[in-house]
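The primary structure of each chain is shown beneath.
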Amino acid sequence: MKSILKVYGFIQDFFSFLTGGTECISCGIRTLSVPLCRNCQTELLNFVPFDNDRRCSRCGKVLISEIGVCRECSESKAERFLDGMFPVHMYRLWKKDLMFAWKSQGTRTLSPFFASIINKVILNLTENKKIEFDYIVPVPPRPGKMRKVGWDQVDELCHYLQKFYGYEIFYPLERISSREQKTLNKEQRKGNLGAVYRLKEKFNLQGRKFLILDDVCTTGATLDKCSRLLKSAGAEEVYGISLFLVD
Ligand SMILES: [Zn+2]
Ligand SMILES: [Zn+2]
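Rules used throughout
Residues numbered from 1 in each chain as written. Chains lettered and ligands numbered in written order. Predicted model: local features only at pLDDT ≥ 70, side-chain atom pairs only at ≥ 80, totals over all residues. Helix = DSSP H or I, 4+ residues; strand = E, 2+ residues; numbered from the N terminus. Rg over C-alpha atoms; globule rule 2.2 N^0.38 Å. Buried ≥ 20, exposed ≤ 12 C-beta atoms within 10 Å, placed from the backbone. Contact = placed C-beta atoms within 7 Å. Expected span 1.5 Å × (residues − 1).

Peer 1: Sorry, what's going on with the overall build of the protein here?
Peer 2: Across its full length, the protein holds 10 helices and eight strands. Computed over C-alpha atoms, the radius of gyration of the protein comes to 19 Å, within 12% of the 18 Å expected from 2.2 N^0.38 for 247 residues, which places it in the range of a compact globule. Taking the principal axes of the C-alpha coordinates as reference, the protein spans close to 55 × 45 × 30 Å. Across the 247 residues that make up the protein, the buried fraction comes to 28%. Long-range contacts, defined as pairs at least 24 residues apart, comprise 70% of the intrachain contacts of the protein with a sequence gap of at least 6.

Peer 1: Looking at this structure, I do not really get unusual backbone geometry. What am I missing?
Peer 2: A negative phi holds for most residues other than glycine; trans holds for most peptide bonds. One non-glycine residue with positive phi stands out, namely Leu93, at about 45°. Counting through the fold element by element, Leu93 comes out in the loop between strand E3 (84-90) and helix H4 (94-104). One non-glycine residue, Lys129, lies in positive phi territory at about 55°. Along the polypeptide, Lys129 turns up in the loop between helix H5 (111-127) and strand E4 (135-138).

Peer 1: Looking at this model, I keep getting lost on H5. Mind explaining?
Peer 2: Owing to its 3.6 residues per turn, the α-helix brings residues three or four apart onto one side. Between its first and last C-alpha, H5 extends 24 Å over 17 residues, near the 24 Å set by a 1.5 Å rise per residue. Restricting attention to buried positions, one finds in H5 the residues Pro112, Phe114, Ala115, Ile118, Val121, Ile122 and Leu125. Looking one or two residues beyond H5, the residue adopting positive phi is Lys129, at roughly 55°.

Right under this line is the structure:
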């Protein structure tokens, strides 16, 4: 597995060498392969650990002055369907530029690096017995996105997580198109503001445990909606992980 990564890195370096390299999105220095220098990569690999002194035990946000639970979570009475939520970094400053380069400008050379961050966090969480899961479940893209754009960042993360690190990926969810959403009745729409998801078929997920993966989460509502669906099909435990959390 490590050797595949090395070969991959080597090929990337070689091509960037031929094309003259690129600039680090964060600090601007010349880099050979991905547009993020080694120092800035290390910064992203060194995440704030998920222990209850440093992170909100409900949403995983980095705590500043609160203890145990963040203010938003302690004020919210909404029922939660996630057994744990683990956003790696807060979505601030140059991390927004990084996401823009990856998602909107299609800098797909960043994908293996992001997969390595997710893998590092998963290893840490499983070692500390914070999570246990059988499958990673990606938050599905807009319908037709694959056909139109040719790729999806969460799907690509899953691809590398499987190929480089051996995780099993399960695709039980789909996103309902906005046209289809209009046909939902009032009851179905209730609490479904924003994107709507559903199970692709009638699954029996009894006794199974899942980790839902997203790239950026805002309130955790998407992860929670997806978790609710998996639990309605019998899932025993469902956790959520994302690269960034908007706060
Ligand atoms: Zn840098
Ligand atoms: Zn919180």
